[in-house]
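Architecture at a glance
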Amino acid sequence: MARSKLDLLPGTLDLMVLKTLAAMGSLHGYGIARRIEQVSGDAVLLNQGTIYAALVRLHQRGWISAEWGTSDNNRKAKFYAITTRGRKQLAEDAAYWQRLSGVMGKVLASERGGDQ
Amino acid sequence: VIAWLQRLLQRLRSSFAGTRLDAELHAEMAAHLDFAIEENLQRGMSPEEARRQALVRFGGIEQARLQQRDARGLPFLDILRQDSRYTFRKLRRDRAFTLVAVLILALGIAGNTAMFSIIHAVLLKPLAYRDPDRLVLVTEGATPIRFEELKTASQSYTEIAAFTGQEDLALSGIADPEVLKGARVSANFLHLLGVSPLLGRSFLQEEDQPGAPAVAIISAELWERRFGKDPLIVGKTMTLAGTPNAIIGVLPAGFQFPFSGADVWIPQPSEWSVMSPRSRADSPFLSVLGRLKPHVNAQQATAELTVLNGQYATAHPGMLDTKPDSPDVVLPFRDTLVSDVRSELWMLFGAVGLVLLIVCANIASLLLARATSRVREFAVRAAIGAGRRRIIGQLLTESVLLASLGGALGVVLAACSLTSIRSMTFVDLPRAGEIRIDGTVLGFAVVLSLITGVLFGLVPALAASRPDLAGVLRGSGEAPSVAGSKPVLHFGPRGLLVVGQVALSIVLLIGATLLIESLARVYWVDPGFQTSHLLTMSIALSPTRYDTDEKKARFYEELVERADSLPGVRSAAITLTLPMTELWMGAPVQLAGTALMKLNERPIAVIQDITPAYFRTLQIALKRGREFTTHDNASSVAVAIVNENLVRLFWPQYPSGPNPIGQHILVGTSPQPTEIVGIAPNVRQYARDENPKPEVYFSSAQKPPGTAMLAVRTNGNPLSFASGVRSQILAIDRDQPVSAIATMDAMVEASEGQLRLMMTLLGIFAGAATLIASIGIYGVIAYSVGQRTKEIGIRRALGAQRGDILSLVVGQGLRLALGGVLVGIAGAFAVTRLLQDLLFRVSATDPSTFVGVAILFVIVAMVASYVPARRAIGVDPMAALRIG
């Protein structure tokens, strides 16, 4: 177990959900939450319940689709899948995050250099 | 933007599909937990542990649900819905409060909506012509010569047309002859206005020339009323003023030009029959309308007109329309239509706005009092987690809802009041037919209601949203501001609101009182004749059938004789115009035998043509000389009776000095001197508040008018003689209609219509304001007495007498009232000068009015606070001390 978990920045959960659906195909809410926890190595502080607000948001924007279906173990669940528009958005947001984290890294590094 | 709209739509939809979506979410979350428990079981946890872990990982279920709800819907809408549902419940419970508040608000909003619908129709809405902003009134007093010169010389207009005032045209040759309201217009007037006839065609240029075949265009209203909407009306003939006119067109319904209610339009404005043919060429009776060329504005047109007027004055020295001291200004046509009423309407709108402000202040103080008694409710809500914003929102929802209810009722009231405003006959409101509640007016009412709701709700909401939680919940339940120990009660915002109400009411009261005093002073003015028991009507003789002075004179002579012989008639007379009816004809006069002055330098006198019994009929006693007799006719020497003001023009020492009787004057362009045979006292020709002008009376047998007024002095109700007189007229000439049958009293009343209307409306507003403000004072005092029951009890126990308590309580009311009175008087000083033009012989800052209104209001305030004070005296000290 990680000692200190990361708080999610606003907007990051939506991106994680999109990425998960892009990688895994159709998934239900619990599946998405578990997948995010596993991929992040349990480093993210995620109340699984918050995922539903993100899902409704993404659905209203038309980035994911939702459908009631049956799981492997014969349970009724709502399955979500990424749409074409969702993939486009994911590409844009991912690029943005990568640029931002690159810039953040550089800025933080240069500050350390400037101190000396 | 589209995506954003879609999202908003989805959210709106989900806002209303709440239950279904909640159920779906519930199922989804249940499935989630089942998956989690199953996985935990597979990992070898006990069932309880598996469930516990699943719940822990999920986080708060309720929280997740709320989060999801916020994300999917419009949270503010949900809150609004909750708040309004709550408010409805609340308002239904406080039925008395709701009823009073909604009624007061409805009155305030109704007044404002009605005033706005008038202002919108009369002042703001564009005229129903093509491109009405380009239409200008070039001049209001041109002779036919000047109009022709303007038409050829001016460069500022694409088109220019002349028009006249109303001309009474007798419609005869069919059953029920009647007098139509005719207007003389240049042939191109429809083209200039950009209006096409409903049927038929416009005038042709050649129809504007004298001698052209007589043609007429009629209004849609006349077409319906007299011709049963005959689709083949064009080409038919109607007899107007004895002449057959071909009807060439019908105008669209609602068309108005140059005055409202015109029935028929005929060309050749320079032939206006109201002017006698001999004076037409020299009289400035034409108004001129122009359509400005693109890129020319009214200032440029005025500059051009000034130059042209200068050239005209040089070319035609002495013409009456050279007007050396009041230059023409080209004005937008719309402004000239409403110039008489514009400032009055805005003033009334301001006044009714003040009333609404008072209403707002009043309801705000009611709400404040209510909020104080609801402190506990808010404290509980705050304690269970309602934010300050949420409580303010809740209270604003309440006030906006109240205002909306008031607004809805107000619009209904306004619609009802408009019916009576439109039918007000005693004031001539231009474009009155266009007044109605339309989309713009409704929009105004809605916005006004919302603003009103926020305005009166904000202060109480802010005050209530800061409760002292702990103190209130501990159970004292008392508003923190009522400390009870202060000898002078601290009224806080409620007191300020009352002061505001009083101040605004004082302004309105002073304004209304000044107008009432003016009207009273107008009534004190002696018009110079007896107005009661006089029947009057207008007779327009056909210029073709009565084509000689002799025929006209004979008609009048016979008419007066027949009317005289009717039982109950004391005497009857003909005159060109009646006094006090805002209508008179003028002509330049000068003393005969002295050097001839230019026409436009001679003084103007009012002209009358009367039959011998005129002075007897109006009960005017001559000062000197004699009245006319039947011998003053065409074959005898020209004679005149003049009024004292005319005498003073030429004999300043009058009544001493040389005797004017037997002297001669020159009137108009006629070179024939007229002998003065009598001197009459001054009468008010225009209205009571206009000073008498010089006046010359001619014998109608020597100079019979084409259009005349008949005056009949009766015993008993004058109107009961109308049909008798009318049948006598038809007995002389069965094609001769009469119009404008009225009593002299009613005509006089009409001449004071504007002042009377202003006085009535301002009086109503001021009365309502005073009533509301005194309710406000009463409310605050009654409330404070209720809050101070304990303190009053202690005072009584310590030996305070009834009188002490009474003066304590009434003193508080007085302090509030005095504060308001002082502010109000200062405000009135600044505002009442706007009324200056309407006031008659009373100053806008008349000290006795100011003091009187202040005293009146202080008395009202004393009464309003005396009632709760009585209750305070009744407080039983022991009982009061036992409470709490």
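Residues numbered from 1 in each chain as written. Chains lettered and ligands numbered in written order. Predicted model: local features only at pLDDT ≥ 70, side-chain atom pairs only at ≥ 80, totals over all residues. Heavy atoms only, no water.

**What to know about the overall build of chain B**
Spelled out, the test is: Starting at the N terminus, helices and strands are each numbered in turn, a helix being any DSSP run of H or I of at least four residues and a strand any DSSP run of E of at least two. Taken over C-alpha atoms, the radius of gyration is set against a globule rule of 2.2 Å times the number of residues to the power 0.38. Each residue is placed in one exposure class: buried if its accessible area under a 1.4 Å probe, protein chains only, is under 20% of its type's maximum, exposed if it is over 50%, and partly exposed if it falls in between. Between two residues, a contact is recorded if the distance between any of their heavy atoms is within 4.5 Å.
The number of helices and strands found in chain B is 28 helices and 21 strands. By the compact-globule yardstick of 29 Å for 884 residues, chain B is too spread out, its C-alpha radius of gyration being 38 Å. Taken over 884 residues, chain B has a buried fraction of 51%. Sequence separation of 24 or more characterises 81% of the internal contacts of chain B that already satisfy a separation of 6 or more.

**Concerning the packing of helix α7 (residues 144-153) of chain B against helix α11 (residues 298-315) of chain B**
The description of two helices packed together rests on the angle between their axes and the distance between the axes. All names here are of chain B. As a reminder of what qualifies: The axes used here are C-alpha line fits, helices contributing only the stretch in contact, and every angle between their N-to-C directions lies in the interval 0 to 180 degrees. Here roughly perpendicular refers to angles of 65 to 115 degrees, roughly parallel to angles under 35, roughly antiparallel to angles over 145, and oblique to all remaining angles. In a left-handed crossing the near helix is turned counterclockwise from the far helix by less than a right angle, and in a right-handed crossing that turn is clockwise. Residues were grouped as follows: Ala, Val, Leu, Ile, Met, Phe, Trp, Tyr, Cys and Pro as nonpolar; Asp, Glu, Lys and Arg as charged; and all remaining residues, including Gly, as polar.
Orientation of α7 relative to α11, taken along the N-to-C sense of each, is 130°, at an axis distance of 11 Å. Judged on the interaxial angle alone, α11 and α7 are oblique. The interaxial crossing formed by α7 with α11 has right-handed handedness. Residues Ile-145, Arg-146, Glu-149, Leu-150 and Ala-153 of α7 pack against Glu-304, Leu-305, Leu-308, Asn-309 and Tyr-312 of α11. Counted by class, the contact of α7 with α11 contains 6 nonpolar, 1 polar and 3 charged residues.

**A closer look at the sheet that holds strand β21 (residues 738-743) of chain B**
Consider a sheet: its strands pair through backbone hydrogen bonds, and that pairing is either parallel or antiparallel. All names here are of chain B. Here is the rule: When DSSP finds at least two bridges between two strands, those strands are taken to pair.
Ordered by their spatial adjacency, 4 strands build an open sheet running β12-β20-β11-β21, and the pairing between neighbours is antiparallel. At either margin of the open sheet sits one strand with a lone partner, and together these are β12 (569-575) and β21. Put simply, the sheet's adjacent strands are angled 15° from each other on average, direction ignored. Relative to β21, strand β11 (residues 534-540) runs antiparallel, the two sharing 4 bridges. Paired with Ser-538 across the strands is Ser-739, a residue of β21. Its contacts with the sheet place helix α19 (residues 549-565) against β11, β12 and β20 (707-714), and it is angled at close to 160° to β12. Seen against the sheet, helix α23 (residues 744-751) touches β11, β20 and β21 and runs at an angle of roughly 85° to β21.

**Observations concerning the sheet that holds strand β2 (residues 64-70) of chain A**
Residue and element names in this part refer to chain A. Spatial ordering of the open sheet is given by β1-β3-β2, a layout of 3 strands whose pairing is antiparallel. The open sheet has two edge strands with one neighbour each: β1 (27-28) and β2. Note: β1 against strand β3 (residues 76-82), 2 bridges, orientation antiparallel. Paired with Leu-27 across the bridge in β3 is Tyr-80. Each of β1, β2 and β3 touches helix α1 (residues 12-24); the most contacted strand, β3, lies at about 95° to it. Running at roughly 120° to β2, helix α3 (residues 51-60) makes contact with β2 and β3 of the sheet.

**Quick look at the environment of B:Gly767**
Residues and elements named next belong to chain B. Within the secondary structure layout, Gly-767 lies in helix α24 (residues 753-787). Under the relative-accessibility criterion, Gly-767 is labelled partly exposed at 37%. Spatially, the C-alpha atom of Gly-767 lies 20 Å from that of Ser-365, the residues being 402 residues apart in sequence.

**Some remarks on a nonpolar patch on the surface**
Residues and elements named next belong to chain B. Put simply, the rule is: Put simply, a patch holds well-exposed residues, over 30% relative accessible area, that have no salt bridge, with like charges counted together within 9 Å and Val, Leu, Ile, Met, Phe, Trp or Tyr side chains within 5 Å. We get accessible surface area from the Shrake-Rupley algorithm with a probe of 1.4 Å; when it comes to residues, only the shown protein chains can shield them. The salt bridge definition used is simple: a Lys or Arg side-chain nitrogen within 4 Å of an Asp or Glu carboxyl oxygen.
A contiguous nonpolar surface patch, about 540 Å² in accessible area, is contributed by Leu-99, Leu-103, Leu-107, Leu-409, Val-412 and Leu-413. With respect to the element layout, Val-412 can be found in helix α15 (residues 388-422). Note on Val-412: relative accessible area 48%, which makes it partly exposed.

**Quick word on the pattern of salt bridges**
Enumeration according to the criterion identifies 27 salt bridges over all chains in this entry. For B:Arg43, the salt bridge is made with B:Glu39, and the minimal N-O distance between the two is 3.2 Å. Residues B:Asp328 and B:Arg146 are paired through a salt bridge, measuring 3.1 Å at the closest nitrogen-oxygen approach. In this pair, B:Asp328 sits in the loop between α11 and β10 (331-332) while B:Arg146 sits in helix α7, placing the two residues 182 residues apart along the sequence. One exposure class covers both B:Asp328 and B:Arg146, and it is buried. Through salt bridges that share partners, A:Arg34, A:Glu37, B:Glu39, B:Arg43 and B:Arg57 make up one connected network.

**Quick word on the pairing of β11(B)**
Residue and element names in this part refer to chain B. The element β11 is largely enclosed, with a buried count of 7 among its 7 residues. The alternating pattern of β11 places Leu-534, Thr-536, Ser-538 and Ala-540 on one face and Leu-535, Met-537 and Ile-539 on the opposite face, and all of these are buried. As paired strands, β11 and β20 are joined by 7 bridges and run antiparallel to one another. Paired with Leu-534 across the strands is Arg-713, a residue of β20.

**A word on unusual backbone geometry**
All names here are of chain B. Cis geometry marks the peptide bond from Phe-257 to Pro-258, where omega comes out at -10°. Within the fold, Pro-258 resides in the loop between β7 (243-250) and β8 (264-266). That bond from Tyr-654 to Pro-655 is cis: its omega, 10°, falls within 30 degrees of zero. Its place among the elements puts Pro-655 in the loop between α21 (644-650) and β17 (664-667). Positive phi values are uncommon outside glycine, yet Asp-131 reaches one of about 45°. Residue position: Asp-131 is located in the loop between α6 (95-124) and β1 (135-142). Of note, the phi angle at Ala-740 is positive, near 50°, even though the residue is not glycine. If you trace the backbone, Ala-740 turns up in strand β21.

**Here we look at the pairing of β1(B)**
Residue and element names in this part refer to chain B. Burial analysis of β1 places 7 of its 8 residues in the buried class, which makes it a mostly covered element. Of the strand pairs in this sheet, β1 and strand β9 (residues 286-292) are connected by 5 bridges, and their pairing is antiparallel. Following the sheet pairing, Leu-137 is matched in β9 by Leu-289. Both β1 and β10 contribute to a ladder of 2 bridges, which runs antiparallel. The residue bridging Val-136 from the neighbouring strand is Pro-332, located in β10.

**Section: the nonpolar core**
Residue and element names in this part refer to chain B. Quick reminder of the rule: The set of buried Ala, Val, Leu, Ile, Met, Phe, Trp, Tyr and Cys residues whose side-chain atoms join them within 4.5 Å is what this entry labels a nonpolar core.
With 102 residues, the main nonpolar core has Ile-118, Val-122, Phe-456, Leu-515, Leu-762 and Ile-777 as its most contacted residues. Listing elements by their share of this core, those giving two or more residues are α6, α13 (342-373), α15, α16 (439-464), α18 (492-524), α24, α26 (802-831) and α27 (847-873). If one sorts the elements of this core by residue count, α13 sits on top with 16 residues. Those residues in contact with Leu-515 that sit more than four places away from it in its chain are Leu-755, Met-758, Met-759, Leu-762, Leu-835, Leu-838 and Leu-839.

**Some thoughts on the side chain of B:Asp208**
All names here are of chain B. Threshold: In this count, Lys and Arg are taken as positive residues and Asp and Glu as negative ones, while His and the chain termini are left out. We call two N or O atoms a polar contact when they sit within 3.5 Å, provided that within protein one can donate a hydrogen and the other can accept it, with sequence-adjacent residues counted only if both atoms are side-chain atoms.
Inspection of the secondary structure assignment puts Asp-208 in the loop between β4 (199-200) and β5 (215-218). Within the buried core, Asp-208 has no salt-bridge partner, and the shortest N-O distance to an opposite charge, that of Lys-151, equals 5.1 Å. Within polar-contact distance, the side chain of Asp-208 engages the backbone nitrogen of Ala-187 at 2.9 Å. Look past the residues within four positions of Asp-208 in its chain and what remains in contact with it is Val-185, Ser-186, Ala-187, Pro-267, Gln-268 and Pro-269.

**Observations concerning the packing of aromatic side chains**
Filter applied, for reference: Aromatic pairs are defined between Phe, Tyr and Trp rings, using the six-membered ring for Trp, whenever the two ring centres lie within 6.5 Å; interplanar angles under 30 degrees are classed as stacked, those over 60 as edge-to-face, and all others as tilted. Definition used: whenever NZ (Lys) or CZ (Arg) falls within 6 Å of the ring centre and also within 35 degrees of the ring normal, the charge is taken to sit over that ring.
The tally for this structure, following the rule as stated, stands at 24 aromatic pairs over all chains. Measuring from ring centre to ring centre gives 6.4 Å for A:Tyr96 and A:Trp97, while their planes differ by 75°; the resulting arrangement is edge-to-face. You can call A:Tyr96 partly exposed: its relative accessible area is 49%. A residue is classified by how much of its surface remains accessible, and A:Trp97, at 27% relative accessible area, is partly exposed. Feature note: the residues B:Tyr129, B:Phe163, B:Phe189, B:Phe203, B:Phe255, B:Phe257, B:Trp265 and B:Phe333 constitute an aromatic cluster, connected by ring pairs. Sitting over the ring of B:Tyr312, B:Arg146 keeps its end group 5.9 Å from the ring centre.

**Considerations on the interface of chain B and chain A**
Let me state the cut-off plainly: A 1.4 Å probe defines the accessible area here, and the buried area is the portion of it lost by two parts on being joined, summed over both.
The interface is formed by 25 residues belonging to chain B together with 26 residues belonging to chain A. When chain B packs against chain A, the two sides together hide about 2400 Å² of surface, and 51% of this comes from carbon and sulfur. By the criterion of area lost to chain A, the three top residues of chain B are B:Glu28, B:Phe35 and B:Arg57, representing 30% of everything that side buries. B:Glu24 is the salt-bridge partner of A:Lys78, the closest N and O atoms lying 2.8 Å from each other. At the level of elements, α1 (2-16), α2 (18-42), α3 (47-58) and α4 (61-72) of chain B are the ones that each hand at least two residues to the side of chain B that touches chain A. Looking at the side of chain B that touches chain A, the element that brings in the most residues is α2(B), giving 12 residues. Among the residues forming the side of chain B that touches chain A, the class breakdown is 9 nonpolar, 6 polar and 10 charged.

**What to know about the confidence of the model for chain B**
All names here are of chain B. As a reminder of what qualifies: What pLDDT reports is the predictor's confidence in each residue, on a scale of 0 through 100.
Here chain B averages 86 in pLDDT, while 94% of its residues score no lower than 70. Counted against residues more than four places away or in other chains, residues 477-490, with its pLDDT under 50, gives 13 contacts. Here the predicted complex carries an ipTM of 0.81, next to a pTM of 0.72.

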